[in-house]
Amino acid sequence: MSAGSNLRSADQFLCSICLDVFTDPVSTPCGHNFCKTCITHFWDDNVLYKCPICQETFYTRPQLKVNTLFREMVSEFRREAQQNSSSSSSSEQQAAEPGEVPCDICTGTRLKALKSCLVCLASYCETHLEPHLTMSGLKRHQLVEPVENLEDRICTKHDKPLELFCKTDQTCVCMLCSVLDHKTHEFVPLREEYEGKKAELQKTDAEIQKMIQKRRLKIQEIRASLKISNDAADREKAEGVHVFTDLKESVERRLKEFMKEMEDKQKTAEKQAEDFIKDLEQEICELKKRSSEVEQLSRSEDHLHLLQRFSSLEDAPPTKNWTEVRVHPPSYEGTVVRAVDQLEKNLREKMEKLFEAELRRIQLYEAYVTLDPDTASPWLILSYDRKQVYLGDVKKNLPDNPERFSHCPCVLGKQSFSSGRFYFEVQVKGKTEWTLGVARESVNRKGQITLSPQNGYWTVWMRDGDVFEANVGPSVRLHLSSPEKVGVFVDYEEGLVSFHDVDAAALIYSFTGCFFGEKLHPFFSPEPNDGGKNSAPLIICPVNQTV
């Protein structure tokens, strides 16, 4: 056969996907052949089922079956190729390396086996395989790729090759087993079962790969969340260092000012005392000199001299009257109190700035919140846009569905939250009583309700126009001025619910260490009208980040 015809025949047995000799060739409806594994993977990776050669599109995935005739032609081509290869490169045969199957016939250096015979239960190198390829009796033997432990491929009971698979017992059997021991069972050729199991393994592997991919994505998600958390922690630590450094410098500055004030007063008192002492010592010096002159004159025996000097010594030297002179120590009382009061004022100003910055941060988590009419008490009136609520004078005839508060004048937000952070603001201006917060989705809504975290409510309220309490169970009294707008912030994972006076940029109260365990809804209660004194509505406001 010419070289050209050999090349053309070789091209006919090459898969256009893997560019290698066909393995388990299958045909598509358009008539083109591919390795079964190649076309299967090709279609697994594409949405449309197309022929890679002619691009014909199949709207349903074709059922592929091995082209038996073409497979035999490919096998024959492989054998001829191996024979041609053996005749041209027999001198290049290699000795079997560790882990490779050696020829069972070779003596001395055992060459690498090319095939194993399931009939002879032996493996052959290229040279010793020749009889199986040329002798008619041996041609009928079943040759397979080199394998070790060939005896494991023989039926131990009938001493025949294991060629069938018993689907009933899920075991490999020989031909005699199928007619003697398993005659009522269902059988398929090993290759067919092999193809099925291989497909199952491929499917299992694909599922495993998807699971791996999901877990890799989850790792990326966790790492991204961790990075966000670490970045937030770094920012918070940096801000904390800045704030506490500023506070420390303020304290040190006030301490220096306090010490200077004390030292200035002390130096003033010391200078006054030193000036008095200096004057007194000067007068003492003058008086001592006068005393010495008087004493000397008193000893004189010269009558004329004594009388002449007496008149000059009779006058007293110029001195002050020290009777009323006092050193008045400065007053130190209240100096520490005034210094601490000034420090407290400075710290209060810094705290207000901190609260303003914190409020601006949490306002970034503004959530869209509206009122849920299905949860509203029959006494409540909701605005058309579901942003306002107040207590009506007449109880409406509404269905008592499970979601509705039947007795207490309460309503939940339509939106629910089960992760992350969210924030909303409510105008309470003009009201003397109100209750705000969040509640678990499963809270009791019938009859009287008790507001506490144990019952699924995290709320604060105002009563009688000036009484503020956090409903901790028992309630905690809060001391603050009447806010006109209240902000509610929730960090679900952190377990935090905090309330803020928006206009004053001040923290009202924080519930910490909370466990929510399910969806949370905003909670509102405008409370009774109190004869019209509390008729103003609760209004869900858009966040105005101008604080």
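Since this is a predicted model, take the numbers as computed values, not measurements. (Residues numbered from 1 in each chain as written. Predicted model: local features only at pLDDT ≥ 70, side-chain atom pairs only at ≥ 80, totals over all residues. Heavy atoms only, no water.)

Turning our attention to the nonpolar core. When a protein is soluble and globular, its nonpolar side chains tend to lie buried together. One finds Trp434 and Phe524 to be the most contacted residues of the largest nonpolar core, which totals 37 residues. When sequence neighbours within four positions are dropped, the list of residues in contact with Trp434 reads Val428, Val460, Trp461, Met462, Arg463, Phe468, Pro483, Val486, Ser525, Glu527 and Leu538. (Core = buried A, V, L, I, M, F, W, Y, C linked by side-chain atoms within 4.5 Å. Buried < 20%, exposed > 50% of the residue type's maximum accessible area, 1.4 Å probe, protein only. Contact = heavy atoms within 4.5 Å.)

Next up on the list: the sheet that holds strand S6 (residues 122-124). Each strand in a sheet pairs with its neighbour through backbone hydrogen bonds, running either in the same direction (parallel) or in the opposite one (antiparallel). The three strands lie next to each other as S6-S5-S7, forming an open sheet whose pairing is antiparallel. Bordering the open sheet on either side are S6 and strand S7 (143-144), each of which pairs with just one other strand. With two bridges connecting them, strand S5 (residues 115-117) and S7 associate as antiparallel partners. Following the sheet pairing, Ser116 is matched in S7 by Val144. (Pairing = 2+ DSSP bridges. Helix = DSSP H or I, 4+ residues; strand = E, 2+ residues; numbered from the N terminus.)

This part is about helix H9 (residues 335-363). With 29 residues, H9 should reach 42 Å at 1.5 Å per residue; the first-to-last C-alpha distance of 42 Å fits that figure. For H9, the elements touching its buried residues are helix H7 (190-298), strand S14 (421-427), strand S19 (485-491) and strand S20 (496-501). (Expected span 1.5 Å × (residues − 1).)

What follows is about the layout of surface pockets. Rolling a probe over the atoms, with the probe sized like a water molecule, indicates the empty space that remains. Estimates place the volume of the largest pocket at around 1700 Å³. For the largest pocket, the lining is made up of 43 residues, of which Gln142, Leu143, Val144, Glu145 and Arg191 are closest to its centre. Contributions of two or more residues to the lining of the largest pocket are made by helix H3 (68-89), helix H4 (130-134), helix H5 (136-139), S7 and H7. Sorting elements by how many residues they give to the lining of the largest pocket places H3 first, with twelve residues. The residue inventory of the lining of the largest pocket, partitioned by class, reads 19 nonpolar, seven polar and 17 charged. In terms of lining residues, the second largest pocket is bounded by 29 residues, among which Glu236, Glu358, Arg361, Arg421 and Asp491 are the most central. Broken down by element, the lining of the second largest pocket gets its largest block of residues, eleven residues, from H7. In terms of residue class, the lining of the second largest pocket is built from 13 nonpolar, seven polar and nine charged. (1 Å grid on protein atoms, 1.4 Å probe; cavity = no way out; pocket = protein on both sides within 12 Å on 5 of 7 lines; lining within 4 Å. Points joined across faces, edges and corners; volume = space filled by probe spheres on them. Nonpolar A, V, L, I, M, F, W, Y, C, P; charged D, E, K, R; others polar.)

This paragraph deals with a nonpolar patch on the surface. A surface patch of nonpolar side chains, amounting to about 260 Å² of accessible area, comprises Leu176, Val179 and Leu180. Looking at where Val179 falls in the secondary structure, it is placed in helix H6 (residues 175-180). Val179 sits in the exposed class, given a relative accessible area of 51%. (Patch = residues over 30% accessible without salt bridge, like charges linked within 9 Å, V, L, I, M, F, W, Y side chains within 5 Å. Areas by Shrake-Rupley, 256 points an atom, 1.4 Å probe, with all protein chains shown as cover. Salt bridge = Lys/Arg side-chain N within 4 Å of Asp/Glu carboxyl O.)

Now for the packing of H7 against H9. For the pair H7 and H9, interaxial distance at closest approach is 10 Å and the crossing angle is 165°. In terms of axis orientation, H7 runs roughly antiparallel to H9. Seen from above, H7 lies across H9 with right-handed handedness. Every residue of H9 that contacts H7 at Glu236, Glu239, Val243, Asp246, Leu247, Ser250, Val251, Arg254, Phe258, Glu261, Met262 and Lys265 is listed here: Thr335, Val336, Arg338, Ala339, Gln342, Leu343, Asn346, Leu347, Lys350, Leu354 and Arg361. Looking at the contact of H7 with H9, its residues break down into ten nonpolar, four polar and nine charged. (Axes fitted to C-alpha atoms, helices over the stretch in contact; angles between N-to-C directions. Parallel < 35°, antiparallel > 145°, perpendicular 65-115°, else oblique. Left-handed = near helix turned anticlockwise from the far one by under 90°.)

Another aspect to go through is the confidence of the model for the protein. Confidence in the prediction for the protein averages 85 pLDDT; 94% of positions are at 70 or higher. The low-confidence segment residues 1-8, where pLDDT is below 50, has one contact with residues more than four positions distant or belonging to other chains. (pLDDT = per-residue confidence, 0-100.)

Let us now look at the packing of aromatic side chains. What characterises a pair of aromatic rings is the spacing of the ring centres plus the angle enclosed by the ring planes. Under the counting rule described, the total for this entry stands at 14 aromatic pairs. A ring pair is formed by Trp434 and Phe468, whose centres lie 6.4 Å apart and whose planes are at 55°; its orientation type is tilted. Of this pair, Trp434 sits in strand S15 (residues 434-440) while Phe468 sits in strand S17 (residues 467-470), placing them 34 residues apart in sequence. Among the aromatic residues, those joined into a cluster by ring pairs are Trp43, Tyr49 and Phe58. For Arg463, the ring lying beneath its charged end belongs to Trp461, and the centroid distance is 3.9 Å. (Phe/Tyr/Trp six-rings, centres within 6.5 Å; stacked < 30°, edge-to-face > 60°. Lys NZ or Arg CZ within 6 Å of the ring centre and 35° of its normal.)

Strand order across the open sheet formed by six strands is S13-S22-S15-S16-S17-S18, with antiparallel pairing between neighbours. With partners counted over all chains shown, the strands left at the sheet margins are strand S13 (411-412) and strand S18 (476-478), one partner each. Inspection of the sheet shows S15 paired to strand S16 (residues 457-463) by six bridges, in the antiparallel sense. Across the sheet, residue Thr435 finds its bridge partner in S16, namely Trp461.

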